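If you want the building blocks of each chain, they are given just below.
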Amino acid sequence: CETQYHIRDSQQEQNVQLVTKTKDFENCRHRALELVTFMSGRIHRTNLREKHIQSVVQTHMRVISDRSRSGKFLIQQADCRGEQTFRFYSEKGGDVVVFIKQILQLTEAKSKIEEQDKIPEPSQPEPKGDLNFVFE
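Residues numbered from 1 in each chain as written. Predicted model: local features only at pLDDT ≥ 70, side-chain atom pairs only at ≥ 80, totals over all residues. Heavy atoms only, no water.

Asker: I would appreciate a short explanation of a nonpolar patch on the surface in the present structure.
Answerer: Residues Ile 64, Leu 74 and Leu 106 make up a contiguous nonpolar surface patch of roughly 210 Å² in combined accessible area. Along the chain, Ile 64 falls in strand 3 (residues 53-65). What makes Ile 64 partly exposed here is its relative accessible area of 32%. (Patch = residues over 30% accessible without salt bridge, like charges linked within 9 Å, V, L, I, M, F, W, Y side chains within 5 Å. Areas by Shrake-Rupley, 256 points an atom, 1.4 Å probe, with all protein chains shown as cover. Salt bridge = Lys/Arg side-chain N within 4 Å of Asp/Glu carboxyl O. Helix = DSSP H or I, 4+ residues; strand = E, 2+ residues; numbered from the N terminus. Buried < 20%, exposed > 50% of the residue type's maximum accessible area, 1.4 Å probe, protein only.)

Asker: Please clarify how the pattern of salt bridges should be interpreted in this entry.
Answerer: Any two side chains of opposite charge can pair, on the condition that their charged atoms come close. Applying the stated criterion to the full structure yields 2 salt bridges. In this structure, the salt-bridge partner of Glu 13 is Arg 62, at a minimum N-O distance of 2.0 Å. Of this pair, Glu 13 sits in the loop between strand 1 (2-9) and strand 2 (16-24) while Arg 62 sits in strand 3, placing them 49 residues apart in sequence. Since its relative accessible area comes to 39%, Glu 13 is described here as partly exposed. We note a salt bridge from Arg 81 to Asp 79, for which the minimum N-O separation is 3.3 Å.

These figures come from the coordinates and say nothing about function on their own.
Okay, structure coming up:
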């Protein structure tokens, strides 16, 4: 898929880079999402070339680097937002729009993780949905 990276140095902090990654799924070689969606539902379409799924995901990352030849870095924070629009669920038209937001923040960095510091598996996981939808 077509992916664009914009990397710039932070104006406020030394050794910090701000990275924006934008992925446009329109130009993917393999549009698996569209194929799976077509197999799972009835499609009303008048134009076979019409785009039925539009999807864009953008991730903003805050990266700390030591700027040495080793290239070591830490992703301190990542904020990912996406939007997917599905167009074909009725003869009269109408769209289904899905918004995605994920935030990952580094709270601690260690060079080696000891066995007692590993996060255990949940003893009783709580299912919140299935593979298709999560309802909150």
